[in-house]
Amino acid sequence: VDEKDFFTSQMIKDCMLKITPCSLEETIVIEPDFEIRAYYAGHVLGAAMFYVRVGQQSFVYTGDYNMTPDRHLGSANCDRLRPDLLITESTYATTIRDSKRCRERDLLH
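Here's a quick rundown of the structure.

Scoring rules and cut-offs
Residues numbered from 1 in each chain as written. Predicted model: local features only at pLDDT ≥ 70, side-chain atom pairs only at ≥ 80, totals over all residues. Heavy atoms only, no water. Core = buried A, V, L, I, M, F, W, Y, C linked by side-chain atoms within 4.5 Å. Buried < 20%, exposed > 50% of the residue type's maximum accessible area, 1.4 Å probe, protein only. Contact = heavy atoms within 4.5 Å. Disulfide = S-S within 2.5 Å. Phe/Tyr/Trp six-rings, centres within 6.5 Å; stacked < 30°, edge-to-face > 60°. Pairing = 2+ DSSP bridges. Helix = DSSP H or I, 4+ residues; strand = E, 2+ residues; numbered from the N terminus. Salt bridge = Lys/Arg side-chain N within 4 Å of Asp/Glu carboxyl O. Axes fitted to C-alpha atoms, helices over the stretch in contact; angles between N-to-C directions.

Our next topic: the nonpolar core. Formed by Y39, A41, A47, M49, Y51, V60 and A76, the largest nonpolar core amounts to seven residues. Ignoring sequence-local partners within four residues, the contact set of A41 consists of A47, A48, M49, T62, D64, Y65, N66 and A76.

Following this line, the structure appears as structure tokens:
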């Protein structure tokens, strides 16, 4: 099978039928002991992080997130959670950035 033909159109359509859209801060109950809740990640437009609880265990899954608001995005926002595990991206974990004022100045000049 050629890589470009790995997924057929029908396979993609079938997969799309399994998607459950949700709004930020909406809890989706899959089963009585299995729920997922989306939160605003503050990283890029549309970025979300997800809290997942199965029984007594829970985790938060997120790509990048931002805790400092700027002119076009607010900061990440979620309930006070105590997950058993945090899964996150760390692209800039060791990067020391210029101040927000310096970055905005550079952007405008």
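From this point on, the discussion continues.
On to the state of the cysteines. One pass over the full model with this rule turns up zero disulfides. Not part of a disulfide, C22 finds its nearest cysteine sulfur in C78, a span of 15 Å.

This next bit is on the packing of aromatic side chains. Counted according to the given criterion, the structure contains one aromatic pair. Ring centres 4.7 Å apart and planes at 90 degrees place the aromatic pair F6 and F7 in the edge-to-face group.

The next point concerns the pairing of strand β2 (residues 34-40). Taken together, the four bridges between strand β1 (residues 27-31) and β2 define a ladder with antiparallel strand orientation. Each residue of the ladder has a partner; that of I28, found in β2, is I36. Two strands pair when backbone bridges link them, and β2 and strand β3 (residues 48-54) are joined in this way by seven bridges, in the antiparallel orientation. Bridge assignment links A38 to a residue of β3, and that residue is F50.

Attention now moves to the pattern of salt bridges. In total, this model carries three salt bridges according to the counting rule given. When the shortest N-O distance is used, the salt bridge between R37 and D79 registers 3.5 Å. Separated by 42 residues along the polypeptide, R37 in strand β2 and D79 in the loop between β4 (57-62) and β5 (85-88) bring together distant segments of the chain. Judged by its relative accessible area of 38%, D79 falls in the partly exposed class. A salt bridge links D106 to R105, with the nearest nitrogen and oxygen atoms 3.2 Å apart.

So, about the sheet that holds β2. Judged by pairing direction, the sheet is mixed, and its five strands sit side by side in the order β1-β2-β3-β4-β5 without closing on themselves. Since the sheet does not close on itself, it has two edges, and those belong to β1 and β5, each with one partner. Mean inter-strand twist for the sheet, computed between neighbouring axes without regard to direction, equals 20 degrees. Where β3 lies against β4, six bridges are found, and the strand directions are antiparallel. Along β4, the bridge assignment pairs M49 with T62.

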